[in-house]
Amino acid sequence: MDASVNRAALYLPELSSSTELPAQADVVVIGGGPAGSSAAIYLAQSGIDVLLLERQAFPRNQVGESLIPHFWKFTDLLGVSEKIEREGFVRKSGGITVWGDRIHQITFSRYGYDRPGLHVERDVFDRILLEHAQSCAARVFTEVSAACVDFGDAHWPTVHYTDKRGASNTQGSVRCRYVIDASGHSCLLASQFGTRRQVSSELKFLALWGYFTNSRYLGADRNSHAPEQCLEIRPVTFVMSYQHGWVWHIMLREKASVGVIVHTDRIRGMNKAARTAFFQQTCQDLPHLQALLQTASFIPGSLQFRPDYSYYATRICAENYYCIGDAAAFVDPVFSHGVQNALYNAAVATLAIKESLKNSRLRKRYSQLCESRMQQFYGFSRALSLGDFGANGVDRELVKAMMKTLPELELELLLVASAMTNRSENFKQLAREAGVWDGFAERATITAPDHIESLSL
Ligand SMILES: Cc1cc2nc3c(=O)[nH]c(=O)nc-3n(C[C@H](O)[C@H](O)[C@H](O)COP(=O)(O)OP(=O)(O)OC[C@H]3O[C@@H](n4cnc5c(N)ncnc54)[C@H](O)[C@@H]3O)c2cc1C
């Protein structure tokens, strides 16, 4: 068994109680990833009766191990930063990209961040959040899968579920005033309503990823290091483009996560064996990645696959439901944006729900405000990650409005990150139109990522 799973099991109490599920709650949250857990925390901290249903037993595997330092501002609000710090995850200083023939480095501390980004085992990270939700008095049930939501009574939607905790599955239902869909890429409500759309872009990718023991890693000092040094010599997230897409190397405490993002056309029709062979061949063929993996062993059975992952839902909020995190939208993860998007949208949606519970006459208005705010945020992410204006689902005016409201250094960090790849044209153009570009151009010392001649791996 994976060592990080052992560690989680040692100190975290059982999440799924044997008690009966309630028949009613103020809010039902579907999904216990970062979006669902943090939504449940915000609501429970305000004394709202919240029930969270998670279909899997925790800890459960999840991809998305690189966290940019923006996430701390949300974990501070959630009151969980200390627990995350105590866990001792790998602290990263920034990123290095080899994109085409250009090598660049970005260092968070140059943009005013005094706390690091992290490389986290997501099974452990997500369980810390879920357990925190429970300790804040959210009623958390794992191994209970939401099947659908009946909105026949607009003031009391009913969530139908399958309880898988016992020897045989049982069906049940719970009434609530608001539903939060945080079911990740399965997009429970968008699938139910038929509102989930594939992003139409040149950048149609799928992901293959797996884990290696004993891999070397790339440090902030631009040298490669033995895995046991990763808590002393800070790593960077390493990203590299190649002819069919891009790859990542993320150093975790006891293993390295390696992802191969590949254009859908390149891999269409391949069975599992062929995909595994493609993954391993790519790891061997790419110069820098190959050097990091020279001493490494692939963990058998660790290869995973996510097809056609760029999508969005056309409607994500209504007077009685809110879709947040990956249940609302997701794009190419090249800028490690997913978890902080989930945390942001949980904050915005729960604010709207709290106000709606105080004044239900205005609940439609709150949901409309929330919808435009969240669509703005997801549009911003798509503009950043896709880089081509052909991408649908990007409302340029909303993105420009958001650029004007973001903290300056945060926006600058994203602009600089986009300049490390070939994805920056969209974003630069929008920044010019929004009138925020000139300010950055004046600060030329930090507006560009450090250019590097070569890496010694
Ligand atoms: C290849 C790839 C690489 C990525 N890399 C990064 C990265 O480096 N950094 C980053 O920040 N993000 C990354 N992401 C994105 C990140 O993984 C997600 O954005 C993040 O996990 C979203 O959190 P969430 O809570 O919305 O969804 P999830 O983490 O997916 O959680 C959803 C939960 O809902 C549960 N669920 C689903 N259906 C039901 C149901 N019917 N009933 C009850 N429970 C249900 C699931 O079991 C799951 O636990 C990556 C994504 C991909 C695909």
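Residues numbered from 1 in each chain as written. Predicted model: local features only at pLDDT ≥ 70, side-chain atom pairs only at ≥ 80, totals over all residues.

*Asks:* Whenever I open this one, the overall build of the protein confuses me. Can you help?
*Replies:* The helix and strand tally for the protein stands at 16 helices and 25 strands. Its C-alpha atoms give the protein a radius of gyration of 22 Å, near enough to 23 Å, the size a compact globule of 457 residues would have. For the protein, the spread of C-alpha atoms along the principal axes amounts to about 60 × 55 × 45 Å. Out of the 457 residues belonging to the protein, those deemed buried represent 50%. Partitioning the intrachain contacts of the protein with sequence separation of at least 6 by distance along the chain shows that 73% fall at a separation of at least 24. (Helix = DSSP H or I, 4+ residues; strand = E, 2+ residues; numbered from the N terminus. Rg over C-alpha atoms; globule rule 2.2 N^0.38 Å. Buried ≥ 20, exposed ≤ 12 C-beta atoms within 10 Å, placed from the backbone. Contact = placed C-beta atoms within 7 Å.)

*Asks:* It is not clear to me how the domain arrangement of the protein should be interpreted in this structure. Could you clarify?
*Replies:* Accessible area lost on assembly of the parts is the figure often given for the size of an interface. Here the protein is partitioned into domain 1 (3-90 + 118-197 + 311-358), domain 2 (205-306) and domain 3 (380-452). On a C-alpha basis, the centres of domain 1 and domain 3 stand 30 Å from each other. Between domain 1 and domain 3, the contact holds nine residues from the first and 10 residues from the second. Here the residues of the side of domain 1 that touches domain 3 are counted per class, giving four nonpolar, three polar and two charged. (Domains from an automatic or database assignment. Nonpolar A, V, L, I, M, F, W, Y, C, P; charged D, E, K, R; others polar.)

*Asks:* Would you mind showing me how to read unusual backbone geometry here?
*Replies:* In terms of backbone geometry, most residues other than glycine have negative phi values and most peptide bonds are trans. Residue Pro 59 is bonded to the preceding Phe 58 through a cis peptide linkage, with omega at 0°. Note on placement: Pro 59 falls in the loop between strand S2 (50-54) and strand S3 (66-67). Although it is not a glycine, Asn 214 sits at a positive phi angle of roughly 60°. With respect to the helices, strands and loops of the structure, Asn 214 is situated in the loop between strand S13 (205-213) and strand S14 (217-218). Even without glycine at this site, Arg 222 takes up a positive phi of about 75°. Looking at the secondary structure, you find Arg 222 in the loop between S14 and strand S15 (224-225).

*Asks:* Can you walk me through the sheet that holds strand S7 (residues 117-119) in this structure?
*Replies:* Strand pairing in a sheet takes place through backbone hydrogen bonds and is either antiparallel or parallel in direction. Taken in spatial order, the three strands make up an open sheet running S3-S7-S4, and their pairing is antiparallel. The open sheet is flanked by S3 and strand S4 (90-92), the only strands paired with a single partner. (Pairing = 2+ DSSP bridges.)

*Asks:* Is there a simple way to think about the nonpolar core in this case?
*Replies:* Note on soluble globular proteins: their nonpolar side chains tend to be buried together. One finds Val 27, Val 28, Ala 39, Val 50, Ile 180 and Ile 324 to be the most contacted residues of the largest nonpolar core, which totals 137 residues. The dominant element in this core, judged by the number of residues it contributes, is helix H10 (residues 338-358), at nine residues. (Core = buried A, V, L, I, M, F, W, Y, C linked by C-beta atoms within 7 Å.)

*Asks:* When you look at the site of the ligand in this model, what are you seeing that I'm missing?
*Replies:* Around the ligand, the structure places 40 residues, and the nearest of them are Gly 33, Gly 64, Gly 184, Gly 325 and Gly 338. Elements with a contribution of two residues or more to the shell around the ligand: helix H2 (34-45), S2, S3, strand S9 (144-150), S13 and H10. For the shell around the ligand, a count of residues per class yields 17 nonpolar, 17 polar and six charged. Two domains each provide a minimum of three residues to the shell around the ligand, namely domain 1 (3-90 + 118-197 + 311-358) and domain 2 (205-306). (Near = placed C-beta within 6 Å.)

*Asks:* Just to check I follow, could you spell out the sheet that holds strand S24 (residues 329-330) for this structure?
*Replies:* What the three strands build is an open sheet, ordered S12-S21-S24; its pairing is antiparallel. Unpaired on one side and paired on the other, strand S12 (196-198) and S24 mark the two borders of the sheet. Here two bridges tie strand S21 (residues 311-313) to S24, and the two strands are oriented antiparallel to one another. By the bridge assignment, Tyr 312 is partnered in S24 with Ala 329.

*Asks:* Looking at this structure, how should I read the environment of Ser 336?
*Replies:* Relative to the elements of secondary structure, Ser 336 occurs in the loop between S24 and H10. Ser 336 sits in the buried class, given 22 other C-beta atoms within 10 Å. Ignoring anything within four residues of it in the chain, the contact list for Ser 336 reads Ser 66, Leu 67, Ile 68 and Thr 237.

*Asks:* I'm lost on the packing of helix H11 (residues 363-386) against helix H14 (residues 425-433) in this one. Help?
*Replies:* Describing two packed helices takes the angle between their axes plus the distance from one axis to the other. It is at 6 Å that the axes of H11 and H14 come closest, and there the two elements cross at 125°. In this view, H11 runs oblique relative to H14, as classed from their interaxial angle. Mapping the contact onto sequence places Ala 383, Leu 384 and Leu 386 in H11 and Asn 426, Phe 427 and Leu 430 in H14. Of the residues assigned to the contact of H11 with H14, the class counts are five nonpolar, one polar and no charged. (Axes fitted to C-alpha atoms, helices over the stretch in contact; angles between N-to-C directions. Parallel < 35°, antiparallel > 145°, perpendicular 65-115°, else oblique.)

*Asks:* For this particular structure, what's the right way to read the pairing of strand S10 (residues 158-163)?
*Replies:* Looking along a regular strand, one sees the side chains alternate between the two faces of the sheet. Relative to S10, S9 runs antiparallel, the two being bridged by six bridges. What sits directly across from Ala 146, in S10, is Tyr 161. As paired elements, S10 and strand S11 (residues 170-181) share six bridges and run antiparallel to each other. Residue pairing in the sheet places Asp 163 in a bridge with Thr 170 of S11.

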